[in-house]
Structures are given as C-alpha cells and as structure tokens.
Amino acid sequence: MRNIAVFISGEGTTLGRIIEACDKKEIDVNLALVVSSNEKALGVALAKGEGIDVVCAEDEKTIIEALVNHNIDLIILAGYLKLISEDIINNYSKKIINIHPSLLPKFKGKGMYGINVHKAVIEAKEAESGATIHYVDKEYDNGKIIAQEKVDLEMLETPESLNKKIKTLEKKMLIEFLKKP
Ligand code: GRF
C-alpha cells in the first residue's frame, strides 16, 4: 500500500476528497501525512480531526524529515502555494504530482492559482478550460502532463461557477489517478 503525503495551503477540499475516498475504500492508499505551509489552513484542522499526522512547515529540512519518517511514496500538491525545493524534487523524482485548474501549459506560473486562473481564462474569452495533473519539477506548473480533461465555458460563465466546475473535475481526475497502481 502506497504511503501518500498531501501538501496544502488552504481550504483542503481536495484533501477532504482523498480522505473520503480512503474511508470508502475507493482507493488503496495510506494517507500518512499532511504538510501545510499555513497552520491556519482549514485543511490542517480537517486532517487533525481525522488523526492524520500534520506538519506545518515551509523549511526543506523539516519537510524532508517528515517525508522520510513517514516512508512517503507519493506526494500530492493540493493547493500548495510554495515552490518545492530542488532537493525534494531530486529525491522524489516522478513521485510528486500537482493538480492545476487549467489546460496547461495555458494559464500557469506564479500567482496563477484558484480563482485567478478562472478570471484569466474568462478575460481571455476562452471557449474551454479544464484541469491538469502533472509531475512537479523546479518551476511552477511545468512538469510532464499525466492527465488533462476539458470543460466548456457557458455563455455567462463566472470565475466562481468555473471554479466550482473545475474543482469537481479535479477531484474526479485525482481519484481516478490514485486508483491506478
Ligand atoms: C485546487 O482546486 C487546485 O486547482 C489547486 O489548488 C486547489 C486546492 O483547493 N491545486 P483546495 O484547497 O483543495 O480546496
């Protein structure tokens, strides 16, 4: 059974879906660790309530220690807003994935997260958007794409309505990915 770590910085709805999928035995993984860059993140309270080990840190040494101590096989970035250090990337090559709320390589990079992405997509008058799961490398939203799915934009799409649609799509894609051995 793979030991996974989920990295968060915010609401933690993606983390919540992984917890639910574990509880319902939809996926066969051990959610061993949550790392948060923000101790006030809602996801921290959620994880603690589920008895999952939580490390609130940004420094590489603390994070690596936690990853090693929990024998982590796969790291999932779920709204994690910090760059992952080169040392971690080198030690966990092809074992760190990120979920991004656009059709990469469009609408990527620093500051392009959450509602900011959807605002940019709508301002650009795109006919479609979507979500991308990719391996993490040294740059934001830049690694090899693993999975990508599209959604059409409605006539009166708003950033909020698009955010809702894409967050639902992301969770579906992530659980499908975690079902694969
Ligand atoms: C996800 O919607 C994804 O686009 C990106 O950050 C968001 C995290 O949301 N990785 P949440 O904190 O899991 O609700």
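Residues numbered from 1 in each chain as written. Predicted model: local features only at pLDDT ≥ 70, side-chain atom pairs only at ≥ 80, totals over all residues. Heavy atoms only, no water.

S.K.: Hey, could you run me through the overall build of the protein in this one?
M.R.: When its secondary structure is counted, the protein shows six helices and seven strands. Along the protein, helices (α) and strands (β) appear in the sequence β-α-β-α-β-α-β-α-β-α-β-β-α when read from the amino end. Against the 2.2 N^0.38 benchmark of 16 Å for 181 residues, the protein shows a C-alpha radius of gyration of 16 Å, consistent with a compact globule. Considered along the principal axes of its C-alpha atoms, the protein spans approximately 50 × 35 × 35 Å. (Helix = DSSP H or I, 4+ residues; strand = E, 2+ residues; numbered from the N terminus. Rg over C-alpha atoms; globule rule 2.2 N^0.38 Å.)

S.K.: What is the right way to look at a negative patch on the surface in this model?
M.R.: Taken together, the side chains of Asp59, Glu60, Glu86 and Asp87 present a region of like negative charge at the surface. A residue is classified by how much of its surface remains accessible, and Asp59, at 38% relative accessible area, is partly exposed. (Patch = residues over 30% accessible without salt bridge, like charges linked within 9 Å, V, L, I, M, F, W, Y side chains within 5 Å. Areas by Shrake-Rupley, 256 points an atom, 1.4 Å probe, with all protein chains shown as cover. Salt bridge = Lys/Arg side-chain N within 4 Å of Asp/Glu carboxyl O. Lys, Arg positive; Asp, Glu negative; His and termini not counted. Charge placed at Lys NZ, Arg CZ, Asp CG, Glu CD. Buried < 20%, exposed > 50% of the residue type's maximum accessible area, 1.4 Å probe, protein only.)

S.K.: Looking at this model, I keep getting lost on the environment of Glu154. Mind explaining?
M.R.: Tracing the chain through its elements places Glu154 in the loop between β7 (145-152) and α6 (159-179). Taking the C-alpha atoms as reference points, Glu154 and Gly16, 138 residues apart in sequence, are found 28 Å from one another. One polar contact links Glu154 to Lys165, side chain to side chain, over a distance of 3.4 Å. (Polar contact = N/O pair within 3.5 Å; in protein donor to acceptor, adjacent residues only side chain to side chain.)

S.K.: It is not clear to me how the site of the ligand should be interpreted in this structure. Could you clarify?
M.R.: Lining the immediate environment of the ligand, one finds Glu11, Gly12, Thr13, Thr14, Ala78, Gly79, Ile99, Pro101, Lys167 and Glu170. Backbone polar atom of Gly79 to a nitrogen atom of the ligand: 3.1 Å apart, as the coordinates give it. Note that an oxygen atom of the ligand is positioned 2.5 Å from one of the side-chain N or O atoms of Glu170. In this structure, the ligand is accommodated by the largest pocket. Elements that contribute at least two residues to the shell around the ligand include exactly α1 (13-23) and α6. Tallied by class, the residues present in the shell around the ligand amount to three nonpolar, four polar and three charged. (Near = heavy atom within 4 Å. 1 Å grid on protein atoms, 1.4 Å probe; cavity = no way out; pocket = protein on both sides within 12 Å on 5 of 7 lines; lining within 4 Å. Sits in = over half its atoms within 2 Å of the grid points. Nonpolar A, V, L, I, M, F, W, Y, C, P; charged D, E, K, R; others polar.)

S.K.: What is the right way to read the nonpolar core from this model?
M.R.: In a soluble, globular protein the nonpolar side chains are often hidden away together inside. Membership of the largest hydrophobic core comes to 38 residues, with the highest contact counts inside it found for Val6, Leu15, Ile18, Ile27, Leu31, Ile76 and Leu178. Top contributing element to this core by residue count: α6, with eight residues. Setting aside anything within four residues of it in sequence, one finds Leu15 in contact with Val6, Ile8, Leu31, Val34, Gly43, Leu46 and Ala47. Residues Phe7, Val55, Ile63 and Ile84 belong to the second largest nonpolar core, which totals 20 residues. (Core = buried A, V, L, I, M, F, W, Y, C linked by side-chain atoms within 4.5 Å. Contact = heavy atoms within 4.5 Å.)

It is worth stressing that arrangement in space is one thing and function is another; only the former is reported here.
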